[in-house]
Protein chains: 2
Amino acid sequence: MTAKIIDGKKIADRILNDIKGKIKNMKEKPGLAIVLVGNNPASEIYVSSKEKAFKEVEGYCERHNLSKDINEMELLNLLNRLNSNPKVHGILVQLPLPEQIDENLITNSIVPHKDVDGFTSLSLGRLFSGHEIIAPATARAVIHLIESTGIKIEGKNAVVVGRSNIVGKPVAMMLLEKNATVTVCHSKTKNISEHTKKADILVAGQGRRCRD
Amino acid sequence: MTAKIIDGKKIADRILNDIKGKIKNMKEKPGLAIVLVGNNPASEIYVSSKEKAFKEVEGYCERHNLSKDINEMELLNLLNRLNSNPKVHGILVQLPLPEQIDENLITNSIVPHKDVDGFTSLSLGRLFSGHEIIAPATARAVIHLIESTGIKIEGKNAVVVGRSNIVGKPVAMMLLEKNATVTVCHSKTKNISEHTKKADILVAGQGRRCRD
């Protein structure tokens, strides 16, 4: 079997173009608020590219840069204002957050209908139980890319390496929902290659090196 | 390796006994409301045994038997009353519900802190993201029984057959949280025995016959 490289950039451009067309026809522009705490270089890059994409499709975007020393209450106050701001339809709090801040608390302080990242417990629970409304974007992208190849997911052996709440676990749930047999491997998996070698579909979402 | 039978009855009796002791020391008895719609014989048996167990530990239990022809609004009204009844600390709506009723809507109408079944999207999302508060009872029982054998779950190959929201998926999540490598098989899995033969831990939670 020869390899077929998936052209992610091309697919992304097509999606952006579609969205741009949809937004053009809207009376009210969709509004996104991006919250960045501290100055983690990776987070800076992620946030800038999300902001750029959102501006490209001509949405309304506001960015809130907060100091890394901010306390939980200040961040909660900002989220409260964004939750009730009618110009803001989606709120994105870039993770990770500094140590003094409870990520789970903050994530779950976003009202469910503005949870564009799909990271609240309610969104994840809906994904888990097959009543998905908003799923985490990276996981959606993975599924979209797999499907773009024309390969049928149903009945395939899918192996997901990594079990983060943002990539590994949501991807696993979405593949299961599409009737794949799903194995989730991670840093504690023994003889990981025994699993990966048998995969029809292999998704690598692990942040560090595996054991073998 | 010789088989070791897990004595579930003995473990259940021990748990019931523990709970009875705890309830004895409580000022206010915990209150459970059980809602049964229609007269599905299996549901009748489940509900009766839950009621019996709860009375055995001397909790306060009220049972609501509703006709199978009830409409959604009548059931929602009952749940609203139970949600705000201070004597009721837990609400259990026996599934399945008749066809005219949206199970997902009804399940998610229970306030989260009274969701003793752990079936609301919020509870499932917490389980999914590792912030479990209330997990579905059958899944918890499976994990408890596995752990009662003294076998360490971490690093094991666990295969779960079945992917219901009540058993298969929650068990898979709980095994993953305990660092097993987890494979979920189901009715669309091909060559299921290839997976089950390699399991260190095998959980069967499938309601119908598998393909091979």
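Small disclaimer: the values here were computed from a predicted structure and weren't measured.

### Concerning the overall build of chain A
And then number 1: Regarding its fold elements, chain A presents eight helices and six strands.
And then number 2: Computed over C-alpha atoms, the radius of gyration of chain A comes to 19 Å, within 12% of the 17 Å expected from 2.2 N^0.38 for 212 residues, which places it in the range of a compact globule.
And then number 3: Each principal axis of the C-alpha distribution contributes one length, and for chain A these read about 50 × 45 × 35 Å.
And then number 4: Expressed as a percentage of its 212 residues, the buried residues of chain A come to 42%.
And then number 5: Contacts spanning at least 24 positions in sequence make up 66% of the contacts within chain A whose residues lie at least 6 apart.
And then number 6: When the accessible surface of chain A is totalled, it reaches about 11700 Å², and 54% of it is carbon and sulfur.
And then number 7: Across chain A, the centroid of the 31 positively charged side chains sits 4 Å from that of the 24 negatively charged ones.

### Topic: the interface of chain A and chain B
And then number 1: Taken residue by residue, the interface counts 34 residues in chain A and 34 residues in chain B.
And then number 2: Across the chain A/chain B interface, buried area totals approximately 2900 Å², and carbon plus sulfur atoms make up 55% of it.
And then number 3: On the chain A side of the contact with chain B, Phe128(A), Lys169(A) and Leu176(A) bury the most area, a combined 21% of that side's loss.
And then number 4: For the pair chain A and chain B, the interface holds zero salt bridges.
And then number 5: Along the contact surface separating chain A from chain B lie 17 residue pairs in polar contact (both at pLDDT 80 or more).
And then number 6: Sorting elements by how many residues they give to the side of chain A that touches chain B places helix α5 (residues 121-128) of chain A first, with seven residues.
And then number 7: Considering only residue class, the side of chain A that touches chain B consists of eleven nonpolar, 15 polar and eight charged.
And then number 8: With three bridges joining them, strand β5 (residues 181-185) of chain A and strand β5 (residues 181-185) of chain B adopt antiparallel strand pairing. Looking across to β5(B), one finds that Val182(A) is bridged to Val184(B).

### A few points about the sheet that holds strand β1 (residues 31-37) of chain B
Residues and elements named next belong to chain B.
And then number 1: The strand order across the open sheet built from three strands is β2-β1-β3, with neighbouring strands paired in parallel fashion. Strands at the two margins of the open sheet, each flanked by one partner only, are β2 (60-66) and β3 (90-93). Averaged over all pairs of adjacent strands, the angle between their axes in this sheet comes to 15°, without regard to strand direction.
And then number 2: Of the strand pairs in this sheet, β1 and β2 are connected by seven bridges, and their pairing is parallel. Within β2, the position partnered with Val35 by the bridge is His64.

### Remarks on the relation of the copies chain A and chain B
One copy of the chain maps onto the other through a rotation about an axis plus a displacement along that axis.
And then number 1: With an RMSD of 0.0 Å, the fit of chain A onto chain B corresponds to turning through 180° and sliding 0.0 Å along the axis. Read as a symmetry element, the transformation amounts to a two-fold axis.
And then number 2: Taken as a fraction of all interface residues of chain A, those also at the interface in chain B reach 100%, which identifies the copy contact as same-surface.

### Section: the nonpolar core
And then number 1: The biggest cluster of nonpolar side chains holds 46 residues, and the ones touching the most others in it are Leu175(A), Leu175(B) and Val182(B).
And then number 2: With residues near it in sequence (within four places) discarded, Leu175(B) still touches Ile143(B), Ile146(B), Ile153(B), Ala158(B), Val160(B), Ala180(B), Val182(B) and Val203(B).

### Quick word on the packing of helix α6 (residues 137-148) of chain A against helix α7 (residues 168-177) of chain A
Residue and element names in this part refer to chain A.
And then number 1: At a closest axis distance of 8 Å, the pairing of α6 and α7 adopts a crossing angle of 45°. As the angle between them shows, α6 and α7 are arranged oblique. Between α6 and α7 the crossing geometry is right-handed. Contacts between α6 and α7 involve Ala139, Arg140, Val142, Ile143 and Ile146 on the former and, on the latter, Pro170, Val171, Met174 and Leu175.

### Re the environment of Lys10(B)
Residue and element names in this part refer to chain B.
And then number 1: With respect to the secondary-structure elements, Lys10 resides in helix α1 (residues 8-24).
And then number 2: Take Lys10: its relative accessible area is 54%, and that puts it in the exposed class.
And then number 3: Separated by 15 residues in sequence, Lys10 and Asn25 place their C-alpha atoms 24 Å apart.

### Let's talk about the pairing of β5(A)
Residue and element names in this part refer to chain A.
And then number 1: The buried fraction of β5 is high, at five of five residues.
And then number 2: By the alternation rule, side chains of β5 split into Thr181, Thr183 and Cys185 and Val182 and Val184, which are all buried.
And then number 3: With five bridges connecting them, strand β4 (residues 157-161) and β5 associate as parallel partners. Note that in β5 the partner of Asn157 across the bridge is Thr181.

### Details of the packing of helix α1 (residues 8-24) of chain A against α6(A)
Residues and elements named next belong to chain A.
And then number 1: The interhelical angle for the contact between α1 and α6, taken along N-to-C directions, is 110°, at an axis separation of 11 Å. For the element pair α1 / α6, the angle class is roughly perpendicular. Contacts between α1 and α6 involve Gly8, Ile11 and Ile15 from the first element and His144, Leu145 and Ser148 from the second.

### Side note on the sheet that holds strand β3 (residues 90-93) of chain A
All names here are of chain A.
And then number 1: The parallel open sheet is built from three strands, whose spatial order is β2-β1-β3. Two strands lie at the open edges of the sheet, namely β2 (60-66) and β3, each paired on one side alone. Averaged over all pairs of adjacent strands, the angle between strand axes in this sheet comes to 15°, irrespective of strand direction.
And then number 2: Judged from the four bridges that link them, strand β1 (residues 31-37) and β3 form a sheet pairing that is parallel. Bridging across to β3, Ile34 finds its partner in Leu92.

Definitions and cut-offs
Residues numbered from 1 in each chain as written. Chains lettered and ligands numbered in written order. Predicted model: local features only at pLDDT ≥ 70, side-chain atom pairs only at ≥ 80, totals over all residues. Heavy atoms only, no water. Helix = DSSP H or I, 4+ residues; strand = E, 2+ residues; numbered from the N terminus. Rg over C-alpha atoms; globule rule 2.2 N^0.38 Å. Buried < 20%, exposed > 50% of the residue type's maximum accessible area, 1.4 Å probe, protein only. Contact = heavy atoms within 4.5 Å. Areas by Shrake-Rupley, 256 points an atom, 1.4 Å probe, with all protein chains shown as cover. Lys, Arg positive; Asp, Glu negative; His and termini not counted. Charge placed at Lys NZ, Arg CZ, Asp CG, Glu CD. Buried area = accessible area lost by both parts, 1.4 Å probe. Salt bridge = Lys/Arg side-chain N within 4 Å of Asp/Glu carboxyl O. Polar contact = N/O pair within 3.5 Å; in protein donor to acceptor, adjacent residues only side chain to side chain. Nonpolar A, V, L, I, M, F, W, Y, C, P; charged D, E, K, R; others polar. Pairing = 2+ DSSP bridges. Axes fitted to C-alpha atoms, helices over the stretch in contact; angles between N-to-C directions. Least-squares fit on C-alpha atoms with pLDDT ≥ 70 in both. Core = buried A, V, L, I, M, F, W, Y, C linked by side-chain atoms within 4.5 Å. Parallel < 35°, antiparallel > 145°, perpendicular 65-115°, else oblique. Left-handed = near helix turned anticlockwise from the far one by under 90°.

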